[in-house]
Amino acid sequence: MRILIFGGTTESRNLSRALADAGVQVTVSVVSDYGAREQGEYPGIRVSVGAKAIPEMVRMLREMDLCIDATHPYATEVTVNIRKASEEAGVERIRLRRDDAEEAAADRLPESVAAETPRTGIRRAADREEAIAIAREEIASQQGNLLLTTGVKDLPFYAANFDRERIVARVLPSEESIRTCEEAGLDHGHIIAMQGPFSAELNAALIRGFHIAALMTKESGRSGGFREKLQACRECGIPAIVIARPREQGLGYEDALKKCLALMGLDRRIER
């Protein structure tokens with residue numbers, strides 16, 4: 001059986017290795033060299049690096065028996081393209097989502113935090129537009145900067161809609177990330193190029209060291225250090241602006257693995 005996984009997440013790495021252990025021919029498609037390094041080398045897995053347009057996705061899928069979309073929960077446009085490509089190629093698609101119940105139990109602070117004073121609470125936003133509006137509301141009349149921990153994809157938007165001299169961006173230490181920050185007009189002194197995971201203590205140190213008045217993040221779960229960000233915000237007495245994860249359909253890790261094994265005619269369970 002041949003499976004193409006569009007990955008770049010912890011879940012995609014775990015699933016690809018479990019399937020390779022079961023004898024599946026696995027190809028994992030990731031966008032960047034960083035994604036390839038995170039995937040790592042593993043027997044039975046081929047890694048394809050680079051962003052794929054729909055025609056290239058279709059070409060790859062026509063050589064496969066199954067498609068698994070294990071991209072990041074916020075990569076909604078990519079998910080739409082994968083669905084279109086799998087339909088055109090006539091290949092079954094499984095959407096691998098993060099397990100909401102597990103994430104909620106492990107990564108989210110109690111909702112009571114939101115009832116605290118605005119300066120120490122969670123401000124929830126439905127999208128980037130609402131998030132930047134909240135940021136302007138929170139710190140427009142104060143001293144201090146906005147710490148972005150949302151990745152570089154939307155950085156040009158934030159730089160265009162907020163005082164870029166007050167933006168501090170924490171990004172991956174890659175040439176692409178640094179170039180995006182530079183093109184968005186960020187001063188080098190406001191670029192934190194580091195690779196996580198980050199402890200609450202380190203987050204708090206960065207908040208204090210860069211005079212942060214509010215932190216913006218996505219609801220990224222355990223692998224994104226979400227809980228540690230919120231803990232640091234509470235400790236430092238600043239608000240966390242949280243962009244909600246898009247609601248999505250799909251299978252959790254265990255169910256996705258079981259379905260793949262069933263399609264292979266296997267009834268044994270492989271642990272992560």
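Given the structure is predicted, the values throughout are model-derived calculations rather than measurements.

Reading guide: rules and limits
Residues numbered from 1 in each chain as written. Predicted model: local features only at pLDDT ≥ 70, side-chain atom pairs only at ≥ 80, totals over all residues. Heavy atoms only, no water. Salt bridge = Lys/Arg side-chain N within 4 Å of Asp/Glu carboxyl O. Helix = DSSP H or I, 4+ residues; strand = E, 2+ residues; numbered from the N terminus. Buried < 20%, exposed > 50% of the residue type's maximum accessible area, 1.4 Å probe, protein only. Phe/Tyr/Trp six-rings, centres within 6.5 Å; stacked < 30°, edge-to-face > 60°. Lys NZ or Arg CZ within 6 Å of the ring centre and 35° of its normal. Axes fitted to C-alpha atoms, helices over the stretch in contact; angles between N-to-C directions. Parallel < 35°, antiparallel > 145°, perpendicular 65-115°, else oblique. Left-handed = near helix turned anticlockwise from the far one by under 90°. Contact = heavy atoms within 4.5 Å. Nonpolar A, V, L, I, M, F, W, Y, C, P; charged D, E, K, R; others polar. Right-handed = clockwise from strand over helix to strand, strands pointing away. Pairing = 2+ DSSP bridges. pLDDT = per-residue confidence, 0-100. Core = buried A, V, L, I, M, F, W, Y, C linked by side-chain atoms within 4.5 Å. Disulfide = S-S within 2.5 Å. 1 Å grid on protein atoms, 1.4 Å probe; cavity = no way out; pocket = protein on both sides within 12 Å on 5 of 7 lines; lining within 4 Å. Points joined across faces, edges and corners; volume = space filled by probe spheres on them.

Right, let's talk about the pattern of salt bridges for a bit. Pairs can form between side chains of opposite charge once their charged atoms are near each other. For the structure shown, the criterion picks out ten salt bridges. The partner of Asp-69 in a salt bridge is Arg-95, and the shortest N-O contact between them spans 3.0 Å. Of this pair, Asp-69 sits in strand 4 (residues 66-69) while Arg-95 sits in strand 5 (residues 93-95), and the two are 26 residues apart along the sequence. For the residue pair Asp-69 and Arg-95, the accessibility class agrees, reading buried in each case. One salt bridge connects Glu-87 with Arg-83, and the closest N-O pair in it is separated by 3.7 Å. Taken together, the residues Glu-87 and Arg-83, both in helix 4 (residues 76-89) and four residues apart, mark about one turn of the helix. Residue Glu-87 is classed as exposed on the basis of its relative accessible area, which comes to 53%. The partly exposed category is assigned to Arg-83, whose relative accessible area is 31%.

Under the definition given, this model contains one aromatic pair. Between Phe-157 and Tyr-158, the aromatic rings sit 5.5 Å apart at their centres with planes inclined by 70 degrees, giving edge-to-face as the arrangement. For the residue pair Phe-157 and Tyr-158, the accessibility class agrees, reading buried in each case. Taking the ring centre of Phe-157 as reference, the NZ or CZ of Arg-128 above it sits at 4.1 Å.

Below, the discussion takes up the packing of helix 9 (residues 200-209) against helix 10 (residues 226-236). Two numbers describe how helix 9 lies on helix 10: the axes approach to 8 Å, and their chain directions differ by 50 degrees. As judged from the angle between their axes, helix 9 and helix 10 are oblique. Remark: the crossing between helix 9 and helix 10 carries right-handed chirality. From helix 9, Ala-200, Asn-203, Ala-204, Ile-207 and Arg-208 reach across to helix 10, where they touch Glu-228, Lys-229, Gln-231, Ala-232, Cys-233, Glu-235 and Cys-236. Its residues assigned to classes, the contact of helix 9 with helix 10 comprises six nonpolar, two polar and four charged.

Another point: the pairing of strand 1 (residues 2-6). Taken across its five residues, strand 1 has four buried, putting it largely inside the fold. Running through helix 1 (residues 10-21), the crossover from strand 1 to the neighbouring parallel element strand 2 (residues 25-30) is right-handed. One ladder, built from four bridges, connects strand 1 with strand 4; its direction is parallel. When the bridges of strand 4 are listed, Leu-4 appears paired with Cys-67.

Turning our eyes to something else, we now look at the sheet that holds strand 11 (residues 240-243). The strands making up a sheet are joined through hydrogen bonds of the backbone, oriented either antiparallel or parallel. Taken together, the six strands give an open sheet; going across it, the order is 6-11-10-7-8-9, and neighbouring strands pair in parallel fashion. A single partner strand is all that each edge strand has here, and the edge strands are strand 6 (122-125) and strand 9 (191-193). Across the sheet, the axes of successive neighbouring strands diverge by a mean angle of 20 degrees, strand direction being ignored. With three bridges joining them, strand 8 (residues 167-171) and strand 9 adopt parallel strand pairing. Considered in strand 9, the bridge of Val-171 is made with Ala-193. Its contacts with the sheet put helix 9 on strand 7 (145-148), strand 8, strand 9 and strand 10 (212-218), and the angle it makes with strand 10 is roughly 135 degrees.

Model confidence for the protein chain is summarised by a mean pLDDT of 86, while 89% of its residues fall at 70 or above. Within the model, pLDDT remains below 50 along residues 101-118, and this stretch shows 28 contacts once partners closer than five positions in the same chain are excluded.

Judged by nonpolar contacts, the single largest core of 27 residues is most densely connected at Ile-132, Leu-146, Tyr-158, Leu-186, Met-216 and Ile-241. Looking at which element gives the most residues to this core, the answer is helix 6 (residues 128-139), with five residues. Residues contacting Ile-241, with those up to four places away along its chain left out, are Arg-123, Ala-131, Ile-134, Ala-135, Leu-146, Ala-214, Leu-215, Met-216 and Thr-217.

Right, let's talk about the state of the cysteines for a bit. In the structure shown here, the tally under the stated rule is zero disulfides. Free of any disulfide, Cys-233 has its nearest neighbouring cysteine sulfur in Cys-236, separated by 7.3 Å.

Before going further, it helps to spend a moment on empty space enclosed by the protein. For the coordinates displayed, the defined rule picks out one cavity of 30 Å³ or more. If you add up the space inside the largest cavity, you get close to 50 Å³. Lining the largest cavity are Thr-9, Glu-11, Ala-70, Thr-71, Pro-73, Arg-95, Leu-96, Arg-97, Arg-98 and Glu-248. Looking at the lining of the largest cavity, its residues break down into three nonpolar, two polar and five charged.

A two-sided burial pattern is seen for strand 7, the buried positions comprising Asn-145 and Leu-147 on one face and Leu-146 and Leu-148 on the other. Pairing between strand 7 and strand 10: four bridges, direction parallel. Its bridge partner lying in strand 10, Asn-145 is registered against Ile-212. Summarising the sheet, strand 7 and strand 8 pair through three bridges and their orientation is parallel.

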